[in-house]
Amino acid sequence: MLGQKLGALIGAIGGLVFILVNAGGLPGPLPLILRIAGVVAFALVLWAVSRRPGPGGEPPSRKAMRTYWICVAAMVVAIPLGAFLINNVLEQPDLTVCWVVLIVGAHFLPFARAFDAPLFTQLGWVLIGLAVVGGAVTLATSGVAAAATAVLAGVVLLLFSAFGGRPRVRA
């Protein structure tokens, strides 16, 4: 359970960062409203996660942790490399944020098997789908769609962090 709490905390931090950094690309009073809502949601996630039962179960295996670190390293390389190509070769800088959402989503997929946690598959595919749709809308319209995509990715990460690791009550 400690791993689930730590994972929820990492996901919540990522979600908050997506919101804080990208809300500024939205019009009118939305940036301030979304940033305040993001901080409040983050605090609520911390509260919800802290109320979960304490540690229990087996720690992750060495193989699972190796998978984790390989995925994180691949993400750390893929994000700036893709951003470089998107900005300098494709000359579509608005797509960069959608690329980041795509890579963050993809990095969750191997976790599902490594940690025996199907939740990561769901989270990964939701973020990938959001990135693809957001990228298509961004190409068809403007950079506001990219900012909205990243803010929605932040919301998704906060929601999965708040509710994803909760023990299921069986009837």
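Residue numbering note: each chain is counted from 1, following its sequence as written. Given that the model is predicted, a residue must reach a pLDDT of at least 70 before its local features are reported, and side-chain atom pairs must reach 80 or more before they are shown or counted; all residues, however, enter totals for whole chains, interfaces and linings. To obtain the side-chain values, all non-hydrogen atoms of the structure were used and water was disregarded.

(A) Quick look at the confidence of the model for the chain. Think of pLDDT as the predictor's per-residue confidence, scored from 0 to 100. Across the chain, the average pLDDT comes to 89, with 92% of residues at or above 70. Mean pLDDT values over the elements of the chain span from 87, in helix α1 (residues 2-22), up to 95, in helix α5 (residues 118-140). Below a pLDDT of 50 lies the segment residues 167-171, which in the model reaches three contacts outside its immediate sequence neighbourhood of four places, other chains included. For the purposes of this entry, the term helix denotes a DSSP run of H or I that reaches at least four residues, the term strand denotes a run of E that reaches at least two, and both are numbered from the N terminus. Note on definitions: a residue-residue contact is assigned when non-hydrogen atoms from the two residues lie within 4.5 Å.

(B) Structural detail: the environment of V21. Relative to the assigned elements, V21 resides in helix α1. For V21, a relative accessible area of 59% translates into the label exposed. Between the C-alpha atoms of V21 and H107, which are 86 residues apart in sequence, the distance is 20 Å. Three labels apply to residues, based on accessible area from a 1.4 Å probe with only protein chains included: buried if under 20% of the type maximum, exposed if over 50%, partly exposed otherwise in between.

(C) Molecular detail of the packing of helix α3 (residues 62-88) against helix α4 (residues 96-114). At a minimum axis separation of 9 Å, α3 and α4 run at an interaxial angle of 165°. Comparing the axis directions of α3 and α4 gives the class roughly antiparallel. Considering the relative orientation of α3 and α4, their crossing is right-handed. Side by side, α3 and α4 meet where A64, T67, Y68, C71, M75, A78, I79, G82, A83, I86 and N87 of the first sit next to T96, W99, V100, I103, V104, H107, P110, F111 and A114 of the second. Residues belonging to the contact of α3 with α4 are distributed by class as follows: 15 nonpolar, five polar and no charged. Axis lines are fitted through C-alpha atoms, for helices just across the contact stretch, and the angle between N-to-C directions can take any value from 0 to 180 degrees. Comment on the angle field: the value is read as roughly parallel under 35 degrees, roughly antiparallel over 145, roughly perpendicular from 65 to 115, and oblique elsewhere. By the definition used in this description, the sense in which the near helix is turned from the far one sets the handedness, with an anticlockwise turn below a right angle giving left-handed and a clockwise turn giving right-handed. For this classification, Asp, Glu, Lys and Arg are treated as charged, while Ala, Val, Leu, Ile, Met, Phe, Trp, Tyr, Cys and Pro are nonpolar and the rest, including Gly, are polar.

(D) Geometry of the packing of α4 against α5. At a minimum axis separation of 7 Å, α4 and α5 run at an interaxial angle of 160°. With respect to α5, the axis of α4 lies roughly antiparallel. Every pair of crossing elements has a handedness; the one defined by α4 and α5 is left-handed. The residue inventory of the contact of α4 with α5, partitioned by class, reads 17 nonpolar, six polar and no charged.

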